[in-house]
Amino acid sequence: MVSSSVLGFPRIGANREVKKAVEAYWAGKISADDLTKAAADVKKDNWSNIKSRGVDFVPSGEFSLYDHVLDHSAAFNVIPKRYVGLGLSPLDVYFAMGRGRQSAGVDVPASEMKKWFDSNYHFVVPEFSEETDFKLNFNKAVEEFKEAQAIGVNTRPVVLGPVSFLVLGKAAKDAKPGFQPISLLPKLIPLYKTLLADLKAAGAEWVQIDEPILVLDSAATLEKEFVSTYSELAPVAPKILLTTYFSRLDSNLSYVARLPVAGLHIDLDRAPGQLDDVIAAIKSTPIILSLGLVSGRNIWKTDFNAAIKLGQKAVDALGQDRVIVATSSSLLHTPVTLASENKLTAEQKDWFSFALEKASEVATIAAVLSGSQDPAITAALEENKVSIAKRREFESSSDDTIRKRVDAITPDQLERKSPFAVRKEIQAKHLNLPKFPTTTIGSFPQTKEIRQARAKLGKGEISEEQYEDFIKKEIESVVRFQERIGLDLLVHGEPERNDMVQYFGEQLKGFVFTQNAWVQSYGSRYVRPPIIVSDVIRPGPMTVKWSSYAQSLTQKPMKGMLTGPVTILNWSFPRADVSRELQSKQLALALRDEVVDLEKAGISAIQVDEPAIREGLPLRRSDWDAYLKWAVDSFKLATAGVTDQLQTHSHFCYSDFDDIFPSIQRLDADVISIEASKSDMKLLNTFKQYGYSNQIGPGVYDIHSPRVPGDQEIKDRLKAMLDILPDSLLFVNPDCGLKTRGWKETEASLVNLVNAAKWAREQYA
């Protein structure tokens, strides 16, 4: 009989209960016990709901209050020294590692965050050194397994694998030169053996051990580590399901198939072409194959016929008892349930499947592959067939105008009129900015009052005119604030924007939007990705009115603020029926028209943010060139239609850019700003290696933490930058936008930033 499985589930709660509880705890409004109870309630709902959908393998242990990798670091005592001895509770140490802390005499920055592979989820990077003292502070896998048992749900615990844990980490500042975290594997394995033996003693039959790095090229050098690790773990552990996702195993399959594990999970949503090779590699072994047939990364209803066809191939080769139907990855990257959506049309709702609906899908596909004659399964198959046919019919229609415009793109449309050296001189005269010009990345705090005004407009409690008057006052307040503290290149603050992607999607044809389809980005930061359902067209200007109004309030130059085509694509749920390249270029053409209109309206600098350009990079290097070609071309298409005096900016954050830096250079933005402070300024070494001819603003402080950077702290970062970068190219700015911050910390931080820039002008005159 074919089994069904879910690899992981959203941990936010159907109504964002976890976000509300965590932020209430941070604000001192609830106790740690209250927070624990809120988390327990969400976990119980998750387990019960998944089980009720008929899923055989229900996950546990993957829930988190902030980040599952941070949980792992806390459990194994991978706690940097700066967080030790502060008189904080273990829970407060945990949150300090995630978001920093500045209160009651404690002042520590947050740990570095990076994107989780090619997703928009951020994980907190573990820090290792020769002095790392591994201890099992708590066994979360056992605790949650027992919690689920207590409500009658037998789960399959989820644990991040030891090799991935070390490889995803970084060498701490106090590590010796050349130190590699993987060298600590012999010290870590005994603790994993204890954790897994305890799970087995608690009654767990299976354990899901996630080793996602197996889909990376770099794992080819780790055969010895994987073989030794799993040879030690298998004898003491429950049955091990070795889990991979987001890409294909490729050559790593040759050694993975020989590991002493009971099961292997592969992602057939992102890499369906690997199935034949995997079947051939494990056929003569006792390994059970878990098939990732239901997407953990998108929200489209699964095509049962296509999934069953793939699944049947595995059943025919291995037999029913050696096949599990599963989600392709954890459902962390999808919203909780479609049941919460009341404003989608019936036609639109029929296209989609969120986490709970996907749980039903794996159960249904598994039942079909098991030969079920249940009338309910037959009805579900027929219903799916009708839904998919209707969606395909909708997809078959296209907008000839935009398709022809994409086909007509020429190389000349991707290039500015003059090279950067010429543009720089023209822009310097036009903008008249001082040395070390100061600016921000765009957004200012989204206050309670702003959110309330937006909500009142949505409910019809205030008129459009009243709302616009409110927004004008907010913009004027932000402009006056920037003038008062002495910023040089201003922004309007974006009070009218709900989200940097959703705002644009709402003004473009081709998107649909949800009410409650929240997805975790990091910590308590959740987003509602728009859904691209058809060809993308710009009916008219999207930002010109507000940028023009802001510019009318000041003599200083104002930056227009746009989200780039690749980021809009990667931070939306994209279409599955056409290429990402086509969708990106349609978005680029819409933005190109917006950029041209902004310049005509008197805006002299325009920032087109592309924080997701690295995130969208395929995990296998052999796939990079094709992606980078259309991704970079999309940005250039969006920004190259202006005159030389228009200064283009772009922003990037929380990813490793060193491996694609030549592509960043090819963007030819006049100014780029990049997150640097949270990653210990390590990106500066990339600039040293490659050089960079255009202007650049490495972030001088971390905005994802509420702590205020000291004056000297920013000066020290500027000194480090100027050891590598020419002073004529340096902008001074924060790491990212200020939307999530409060006004008090924003003002204090920016005042220190401006003072540091003034100091630099004196020191480097």
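Residues numbered from 1 in each chain as written. Predicted model: local features only at pLDDT ≥ 70, side-chain atom pairs only at ≥ 80, totals over all residues. Heavy atoms only, no water.

Undergrad: Can you walk me through the overall build of the chain in this structure?
TA: Each helix and strand counted, the chain has 27 helices and 23 strands in total. By its C-alpha atoms, the chain is 75 × 60 × 50 Å across when sized along the principal axes. Split into buried and exposed, the 765 residues of the chain put 61% on the buried side. Across the chain, the fraction of contacts at a sequence separation of at least 24, relative to all contacts at a separation of at least 6, is 80%. Carbon and sulfur atoms form 50% of the exposed surface of the chain, whose accessible area is close to 28,500 Å². Side-chain charges of the chain comprise 93 positive and 99 negative groups, with the mean position of each set lying 2 Å from the other. (Helix = DSSP H or I, 4+ residues; strand = E, 2+ residues; numbered from the N terminus. Buried < 20%, exposed > 50% of the residue type's maximum accessible area, 1.4 Å probe, protein only. Contact = heavy atoms within 4.5 Å. Areas by Shrake-Rupley, 256 points an atom, 1.4 Å probe, with all protein chains shown as cover. Lys, Arg positive; Asp, Glu negative; His and termini not counted. Charge placed at Lys NZ, Arg CZ, Asp CG, Glu CD.)

Undergrad: Quick question: what am I supposed to make of the pattern of salt bridges here?
TA: Pairs may arise between side chains of opposite charge once their charged atoms sit close together. Scanning all chains against the criterion turns up 52 salt bridges. In this structure, the salt-bridge partner of R270 is D118, at a minimum N-O distance of 2.5 Å. Residue R270 is found in the loop between β12 (263–267) and α10 (275–282), and its partner D118 is found in the loop between β5 (113–115) and β6 (122–124); the two are separated by 152 residues along the sequence. D535 is the salt-bridge partner of R575, the closest N and O atoms lying 3.4 Å from each other. (Salt bridge = Lys/Arg side-chain N within 4 Å of Asp/Glu carboxyl O.)

Undergrad: Explain the sheet that holds strand β20 (residues 605–609) to me, please; I cannot follow it from the model alone.
TA: One key point about sheets: their strands pair by backbone hydrogen bonds, in either a parallel or an antiparallel sense. Reading across from one edge, β19-β20-β21-β22-β23 is the order of the five strands in this open sheet, with parallel pairing throughout. Each edge of the sheet is formed by a strand with only one pairing partner; in this case those strands are β19 (559–563) and β23 (695–698). Neighbour to neighbour, the strand axes of the sheet diverge by 20° on average, direction disregarded. When strand β21 (residues 647–652) meets strand β22 (residues 671–674), the two strands line up parallel, connected through four bridges. The residue of β22 that forms the bridge with S650 is I672. Set on the sheet, helix α22 (residues 580–600) makes contact with β19 and β20; between it and β19 the angle comes to about 175°. (Pairing = 2+ DSSP bridges. Axes fitted to C-alpha atoms, helices over the stretch in contact; angles between N-to-C directions.)

Undergrad: Explain the sheet that holds β12 to me, please; I cannot follow it from the model alone.
TA: Read from one edge of the open sheet, eight strands run β1-β14-β13-β12-β11-β10-β8-β2, paired in parallel fashion. Pairing within the sheet leaves two strands with one partner each, and these edge strands are β1 (3–5) and β2 (58–60). Direction aside, the axes of adjacent strands within the sheet are offset by 30° on average. Across the face of the sheet, helix α7 (residues 185–202) comes into contact with β8 (155–160) and β10 (206–210) while running at roughly 175° to β8. Against the sheet, helix α11 (residues 304–318) touches β13 (288–294) and β14 (323–327), its axis set at about 175° to β13.

Undergrad: How should I be thinking about helix α3 (residues 68–75) in this particular structure?
TA: An α-helical turn contains 3.6 residues, so a residue and the one three or four places further along point in the same direction. The element α3 is largely enclosed, with a buried count of eight among its eight residues. For α3, the full list of buried residues reads H68, V69, L70, D71, H72, S73, A74 and A75. Among the structural elements, α4 (90–99), β6, α5 (140–150), β8, α6 (162–167) and α7 are those in contact with the buried residues of α3. Of the residues flanking the end of α3, it is N77, one or two places downstream, whose phi is positive at about 65°.

Undergrad: What is the right way to look at helix α1 (residues 17–26) in this model?
TA: Regarding α1, the residues found buried are V18, K19, A21, V22, A24 and Y25. Where α1 is buried, its residues meet α2 (32–52), α4 and β17 (525–527). Directly beyond the C-terminal end of α1, a positive phi value near 75° is found at G28.

Undergrad: Got a minute to help me understand the pairing of strand β18 (residues 531–537) in this structure?
TA: The two faces of a sheet get side chains in turn, since along a regular strand they alternate between them. Judged by how many residues are buried, β18 sits mostly within the fold: five of seven residues are covered. Where strand β15 (residues 509–512) lies against β18, three bridges are found, and the strand directions are antiparallel. When the sheet's bridge partners are listed, K509 is paired in β18 with I537.

Undergrad: What's the story with the pairing of β22 in this structure? I'm lost.
TA: Neither face of β22 is open: one carries V671 and S673, the other I672 and I674, and all of them are buried. Across four bridges, the pairing between β22 and β23 is parallel. What sits directly across from S673, in β23, is G697.

Undergrad: Sorry, what's going on with the environment of D210 here?
TA: By the secondary structure assignment, D210 is in strand β10. In this structure, the C-alpha to C-alpha distance between D210 and S284, residues 74 residues apart in sequence, is 24 Å. Setting aside residues up to four positions removed in sequence, D210 forms contacts with V158, V159, L160, G161, S164, T243 and Y245. Within polar-contact distance, the side chain of D210 engages the side chain of Y245 at 3.2 Å. (Polar contact = N/O pair within 3.5 Å; in protein donor to acceptor, adjacent residues only side chain to side chain.)

Undergrad: Explain the packing of aromatic side chains here, please?
TA: What the rule picks out here adds up to 28 aromatic pairs. Taking the centre distance of 5.5 Å and the plane angle of 80° together, the rings of W116 and F123 count as edge-to-face. Here W116 matches F123 in class, with each residue buried. Relative to F504, the ring of Y503 has its centre 5.5 Å away and its plane inclined at 85°; by these criteria the two rings are edge-to-face. Each of the two residues, Y503 as well as F504, counts as buried. A connected cluster of aromatic rings, assembled from ring pairs, spans Y25, W26, Y66, Y94 and F95. The ring of W351 carries R391 above its face, with NZ or CZ at 4.6 Å from the centroid. The ring centre of W518 lies 4.9 Å from the NZ or CZ of R528, which sits over that ring. (Phe/Tyr/Trp six-rings, centres within 6.5 Å; stacked < 30°, edge-to-face > 60°. Lys NZ or Arg CZ within 6 Å of the ring centre and 35° of its normal.)

Undergrad: Help me understand the side chain of R528 in this model?
TA: Turning to its location among the elements, R528 is positioned in the loop between β17 and β18. Here R528 is buried and forms no salt bridge, its nearest opposite-charge partner E506 lying at an N-O distance of 5.9 Å. A polar side-chain atom of R528 sits 2.5 Å from the main-chain carbonyl oxygen of T514. There is a polar contact of 3.3 Å between the side chain of R528 and the backbone oxygen of Q515. Among all residues touching R528, those that are not within four sequence positions of it are Q502, T514, Q515, N516, A517 and W518.

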